[in-house]
Amino acid sequence: MSIHSLPPIVSLEELENHKDAVFCDVRWYLDRTPGREKYNEGHIPGAIFVDLDEHLATLPRKSQGRHPMPAAASFAASMGSLGISHTTPVVAYDDSGGMSASRLVWMLRIVGHNAGLLDGGLKAWTSDLETFPNVRKAVDHPIREWPQELFADADAAAVAGQKTDQTLVDSRSPDRFSGEYEPVDPQAGHIPGATNLPFANNLTSNGYFQSPGELRERFEGAGCGSEQSTVMYCGSGVSACHNLLAFEHAGLGKARLYAGSWSQWSNSDGRPVSRN
Amino acid sequence: MTSDRFYFRQLLSGRDFATDDAMAAQMANFVYLIGDRETRDAIVVDPAYGVADILAILDHDDMNLSGVLASHYHPDHVGGSMMGHTIEGVRELLELKGTKIHVQAEEADLVKKVTEVSDGDLEVHGPGDHILVGDIRIDLLHTPGHTPGSQCFLVEGTLVAGDTLFLEGCGRTDLPGSDAAAMYHSIHHTLAKVPDDTVLFPGHRYSFHSSATMGMTREMNYVFKPDSQEQWMMMFGQ
C-alpha cells in the first residue's frame, strides 16, 4: 500500500495526507427521507452528493433485490458524470454510522479505486458545514468489470451457510435476524446457517469504528475465515458493505457480498428460512 | 468482457455540455463518445446543441475525432430546426472538424435535408455493417421504426440505442416516417440477439437511471410485454 492509498476506514486526522480526496455525501434513509435534502441543509465543504438509488444500484425488483448492483458500465458512467475519474481519491460519509456510504467505498475499492469511509461520518466534521451544492465537471471514468470472486449469488450464500469451511454473516439488526421484526421484506428471519453480526456493532458507543484488533476478534470470534471464505449479506447489499470494510480494516482481506441479500432471498420461492 | 482500451463516455445535454442551453436541458439528450484509448481515435454519437463543447471534451481527454455516428435524423440528435429552435449539430461540427457522418442508407436523404450536409459528408451503411474506431469494432444495427434509417450501435458489451429503445418505452411511432410494425421487428427480432448482460445506453434520459442491462430492460420495459406483432399493433399501431 502506497502512502497515498486510503485505508478502508479513514480518520479525519489521516486525511491530512490526502488533501486531494473528494468528499462524497451518501446519505440515504430507509424511511425514504431524501438524502439530497439533508445534503442541501449542510454538508462537508466541497462534498458532492452521491445517490445510493441512482448511482450505486440499478432498479429494484423481486428477482434481484432492492439494490441490485449496477452494471460496471453504468457505474463507470455514473462516476464520470459526478466528476470522479479513476485517479480521484474518494472519502465517503453519511450520518448513519457509515451504513450507506460503505456501499460506495466498497464498490470503488473492489475495482482498485482509492477510496475510504470517513470514521465517525458527518459528526466527525466539527467545522462549519456548507449548504451550496457542489457540481464537479463530468470526466472520463474507464469501465472496470466487477471482480466476480468477490460476489456470491443466492446459491453460493446457501452453501456458505452450510459448509464448515465457510461463514455466512447476516449484517442486519438482531430483531430482523431472529424474525421478530421485519419492516420491508415479505418473510421474516434469516438464511439457514447464517451468523448475526450487526453492522452497527463495528462501532463503539461514540459512533467511531472499533480498532482493527477489536474488529479482528469480533469476526474471528464468530468463526469467520479470511478473504472469500466469508460471505456477507444484509437487507439489500448495502449495510453488509459496512461489515466488508470492517473486515478488510481488521486485516482479514476482502470477503464476498451476496448483493441480492434478504430482499432477494425472501422474495424467492422455495428458499428455506430460519427463525430463532 | 470490456477491453481496457475501450473509451466510452455518456454526456447529458444541458448538464455535461451546452450547459446554458435551456432546450438542451429540457430535451435531455445523451451524446456518446466511443473510442480506442491506445490509438486515441474516437467517434461521437449524435452531436447536437453544443458541438464546440463536445469537441473540447474530446480534446481534454486527448482523443482525436475520427467520425460521427448518427442514430437518426431528428434535429435533437444531428442538429437542424425543431419546434422553432435551431439546434447546432453535424453541420457545425464538420465546419470545426472535417470528418464523415455514418448513416444508414434509409436515413441519408433525411439527414441531408435536416442538416444541409452534402453527399460527400456521409458514409452510407447497410444493416450488418461495422466500423472500426482504432481497434474497437462498432456494429451498426439497422432498427427502423422511429425513423426509416434508425440505427443502434453495439460495441464492447454496450448498446447505444438512439431513440429506438429506452429503459422505459421506445421511440415514438406516430411521427412522419415512423412505422410501428417495423419497430416491433426491430425490438423483438433485431435487438433480441443482444445478450442480457449488454448495457443499454439510450438516446435520452427519460428514466431515473441513465443506463441498465438489456436483461433488466427486458424484464421491466413494457415494450417487451407483447408476444406477437398483433398485440404490439394494438398498443402502438395507429
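Our subject is the structure listed above.
What you are looking at is a predicted structure, and each value in this text was computed from that prediction instead of being measured. (Residues numbered from 1 in each chain as written. Chains lettered and ligands numbered in written order. Predicted model: local features only at pLDDT ≥ 70, side-chain atom pairs only at ≥ 80, totals over all residues. Heavy atoms only, no water.)

Chemist: Any chance you could explain the layout of surface pockets here in plain terms?
Modeler: Estimated volume of the largest pocket: approximately 970 Å³. Lining the largest pocket are 35 residues; nearest its centre among them are Met 69, Pro 70, Ala 71, Trp 146 and Gln 148 of chain A. Put simply, the parts of the chain that give the lining of the largest pocket at least two residues each are helix H3 (72-81) of chain A together with strand S14 (212-213) and helix H7 (214-220) of chain B. With 3 residues, the single largest contributor to the lining of the largest pocket is H3 of chain A. The class makeup of the residues in the lining of the largest pocket is 17 nonpolar, 12 polar and 6 charged. (1 Å grid on protein atoms, 1.4 Å probe; cavity = no way out; pocket = protein on both sides within 12 Å on 5 of 7 lines; lining within 4 Å. Points joined across faces, edges and corners; volume = space filled by probe spheres on them. Helix = DSSP H or I, 4+ residues; strand = E, 2+ residues; numbered from the N terminus. Nonpolar A, V, L, I, M, F, W, Y, C, P; charged D, E, K, R; others polar.)

Chemist: Sorry if this is basic, but what is going on with the interface of chain B and chain A here?
Modeler: It is common to give the size of an interface as the accessible area that goes away when the parts come together. With 23 residues of chain B at the contact, the number on the chain A side is 20 residues. Summed over both partners, the interface of chain B with chain A comes to about 1,800 Å²; 58% of that surface belongs to carbon and sulfur atoms. Considering only the side of chain B, the residues that lose the most area to chain A are Arg 9, His 209 and Met 216 of chain B, jointly responsible for 28% of the buried surface there. Taken together, chain B and chain A are joined by 3 salt bridges. Taking the shortest distance from any N to any O, the salt bridge between Glu 54 of chain A and Arg 205 of chain B comes out at 3.1 Å. (Contact = heavy atoms within 4.5 Å. Buried area = accessible area lost by both parts, 1.4 Å probe. Salt bridge = Lys/Arg side-chain N within 4 Å of Asp/Glu carboxyl O.)

Chemist: Just to check I follow, could you spell out the pairing of strand S8 (residues 122-125) of chain B for this structure?
Modeler: A regular strand places its side chains so that they alternate between the two faces of the sheet. All names here are of chain B. The pairing of strand S7 (residues 101-104) with S8 spans 4 bridges and is parallel. Paired with Val 103 across the bridge in S8 is Val 124. Handedness of the crossover is the feature at issue here: the chain leaves S7, passes through helix H5 (residues 108-115), returns alongside S8, and the resulting connection is right-handed. (Pairing = 2+ DSSP bridges. Right-handed = clockwise from strand over helix to strand, strands pointing away.)

Chemist: Where do I start with the pairing of strand S1 (residues 6-12) of chain B in this structure?
Modeler: All names here are of chain B. Within S1, 7 of the 7 residues are buried, which leaves it mostly tucked inside the rest of the structure. Of the two faces of S1, the one lined by Phe 6, Phe 8, Gln 10 and Leu 12 and the one lined by Tyr 7, Arg 9 and Leu 11 are each fully buried. Strand direction decides the pairing type here: S1 and strand S2 (residues 30-36), joined by 7 bridges, are antiparallel. Considered in S2, the bridge of Leu 11 is made with Val 31. (Buried < 20%, exposed > 50% of the residue type's maximum accessible area, 1.4 Å probe, protein only.)

Chemist: In this structure, what is going on with the packing of helix H4 (residues 101-109) of chain A against helix H8 (residues 240-249) of chain A? I would like to understand it.
Modeler: Think of two packed helices as two axes; the pair is described by the angle between the axes and how far apart they sit. Residues and elements named next belong to chain A. Between H4 and H8, whose axes approach to 8 Å, the crossing angle comes to 55°. It follows from the interaxial angle that H4 and H8 lie oblique. Seen from above, H4 lies across H8 with left-handed handedness. Contacts between H4 and H8 involve Ser 102, Arg 103, Val 105, Trp 106 and Arg 109 from the first element and Cys 241, His 242, Leu 244, Leu 245 and Glu 248 from the second. The class makeup of the residues in the contact of H4 with H8 is 5 nonpolar, 2 polar and 3 charged. (Axes fitted to C-alpha atoms, helices over the stretch in contact; angles between N-to-C directions. Parallel < 35°, antiparallel > 145°, perpendicular 65-115°, else oblique. Left-handed = near helix turned anticlockwise from the far one by under 90°.)

Chemist: Please clarify how the pattern of salt bridges should be interpreted in this entry.
Modeler: Side chains that differ in sign of charge can pair as their charged atoms come close. Counting across every chain of the model gives 28 salt bridges over all chains. Between Glu 182 of chain A and Arg 176 of chain A there is a salt bridge; the shortest N-O distance is 3.1 Å. Using a relative accessible area of 10% as the deciding quantity, one classes Arg 176 of chain A as buried. Across the pair Arg 5 of chain B and Asp 135 of chain B runs a salt bridge whose closest N-O atoms are separated by 3.6 Å. Here the residue Arg 5 of chain B occupies a position in the segment before S1, and Asp 135 of chain B occupies one in the loop between strand S9 (130-133) and strand S10 (136-142), the gap between them amounting to 130 residues.

Chemist: I keep staring at the sheet that holds strand S4 (residues 64-69) of chain B and nothing clicks. Help me out?
Modeler: Two modes of strand pairing occur in sheets, parallel and antiparallel, and in both the strands are linked by backbone hydrogen bonds. Residues and elements named next belong to chain B. With mixed pairing, 6 strands are arranged side by side in an open sheet as S1-S2-S3-S4-S7-S8. In the strand order of this sheet, the two ends are held by S1 and S8, each with one partner. For this sheet, the mean inter-axis angle between neighbouring strands, taken without regard to orientation, is 25°. Strand contacts of H5: S7 and S8, with the helix running at about 155° to S8, the strand carrying the most contacts.

Chemist: I'm lost on the packing of aromatic side chains in this one. Help?
Modeler: The description of an aromatic ring pair uses the distance of the two centres, along with the angle that the planes make with each other. Counted under the stated rule, the structure contains 16 aromatic pairs over all chains. Note on Tyr 39 of chain A and Phe 49 of chain A: the rings are 5.6 Å apart at their centroids and 50° apart in plane angle, and the pair reads as tilted. With Tyr 39 of chain A in helix H1 (residues 35-41) and Phe 49 of chain A in strand S3 (residues 48-49), this pair connects stretches of sequence that are 10 residues apart. The residues Tyr 39 of chain A and Phe 49 of chain A share a single accessibility class, namely buried. By the ring-pair criterion, three or more aromatic residues cluster together here, those being Phe 6, Phe 8, Phe 30, Tyr 32 and Phe 201 of chain B. (Phe/Tyr/Trp six-rings, centres within 6.5 Å; stacked < 30°, edge-to-face > 60°.)

Chemist: Could you clarify how one ought to interpret the sheet that holds strand S6 (residues 167-170) of chain A in this entry?
Modeler: Residue and element names in this part refer to chain A. Read from one edge of the open sheet, 4 strands run S7-S6-S8-S9, paired in parallel fashion. Whereas interior strands pair on both sides, the edge strands pair on one side only; in this sheet they are strand S7 (195-196) and strand S9 (256-257). Here strand S8 (residues 230-233) runs beside S9; their pairing, made up of 2 bridges, is parallel. Paired with Met 232 across the strands is Leu 257, a residue of S9.

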